[in-house]
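Read off the chains here:
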Amino acid sequence: TWYTGSAGWMYQLILNYFIGLRRRNDELHFEPCLPDEWDSLKVTYQFKTSNYIITLKNEAVKEGSRVWKGDSSLNTDIIKLEDNGETNEITYYLK
């Protein structure tokens, strides 16, 4: 029905353009477009046996890079997906 199709397109619109999430092979790329009024946004993403809890923060990074995995600063804006069966916490600073 058109309800199913509309829901699918709405999901794609929110995920790909509003949140800016794109998966290419085993990598996640972000180009978020969040309103300035929003402090943060949290997304849970499952990759095979692993879960990624990704927090997009609408603030400037204090030190290091814009992307953090746990307590470690990553040297890239691209998140490498691993099938490690764990819950991985990612923080992405937008400014």
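Along the chain, the regular secondary structure elements total 1 helix and 8 strands. Overall, the C-alpha framework of the chain stretches about 50 × 35 × 20 Å when taken along its three principal axes. Classification of the 95 residues of the chain by burial places 32% in the buried group. For the chain, long-range pairs separated by at least 24 residues make up 52% of all intrachain contacts whose partners lie at least 6 apart in sequence. Carbon and sulfur atoms make up 50% of the accessible area of the chain, which amounts to about 6,400 Å² in all. Charge-centre separation for the chain: the mean point of 11 positive side chains lies 4 Å from the mean point of 14 negative side chains.

Right, let's talk about the sheet that holds strand β4 (residues 50-57) for a bit. Either a parallel or an antiparallel arrangement is found when strands of a sheet pair, and the pairing is made through backbone hydrogen bonds. The strand order across the open sheet built from 5 strands is β3-β4-β8-β5-β6, with neighbouring strands paired in mixed fashion. Each edge of the open sheet is held by one strand with a lone partner, namely β3 (40-47) and β6 (72-73). Relative to β6, strand β5 (residues 67-69) runs antiparallel, the two being bridged by 2 bridges. Bridged to Trp68 within β6 is Ser73.

The subject of this paragraph is the environment of Asn88. By the secondary structure assignment, Asn88 is in strand β8 (residues 87-93). For the pair Asn88 and Lys48, spaced 40 residues apart in the sequence, the C-alpha separation amounts to 13 Å. Those residues within four positions of Asn88 in sequence are excluded, and the remaining contacts are Ser50, Asn51, Tyr52, Ile53 and Lys69. A polar side-chain atom of Asn88 sits 3.4 Å from a polar atom in the side chain of Asn84.

A word on the sheet that holds strand β7 (residues 79-80). Strands sit in the order β1-β2-β7 across an open sheet of 3 strands; the sheet is antiparallel. Two strands bound the open sheet, and with one partner strand each, they are β1 (21-24) and β7. Here β1 runs beside strand β2 (residues 27-30); their pairing, made up of 4 bridges, is antiparallel. Of the residues in β2, the one forming a bridge with Arg24 is Glu27.

Membership of the largest hydrophobic core comes to 19 residues, with the highest contact counts inside it found for Ile19, Leu28, Phe30, Tyr45, Tyr52, Ile54 and Leu56. Where this core is concerned, the elements lending two or more residues are β2, β3, β4 and β8. Looking at which element gives the most residues to this core, the answer is β3, with 4 residues.

How each quantity is defined
Residues numbered from 1 in each chain as written. Predicted model: local features only at pLDDT ≥ 70, side-chain atom pairs only at ≥ 80, totals over all residues. Heavy atoms only, no water. Helix = DSSP H or I, 4+ residues; strand = E, 2+ residues; numbered from the N terminus. Buried < 20%, exposed > 50% of the residue type's maximum accessible area, 1.4 Å probe, protein only. Contact = heavy atoms within 4.5 Å. Areas by Shrake-Rupley, 256 points an atom, 1.4 Å probe, with all protein chains shown as cover. Lys, Arg positive; Asp, Glu negative; His and termini not counted. Charge placed at Lys NZ, Arg CZ, Asp CG, Glu CD. Pairing = 2+ DSSP bridges. Polar contact = N/O pair within 3.5 Å; in protein donor to acceptor, adjacent residues only side chain to side chain. Core = buried A, V, L, I, M, F, W, Y, C linked by side-chain atoms within 4.5 Å.

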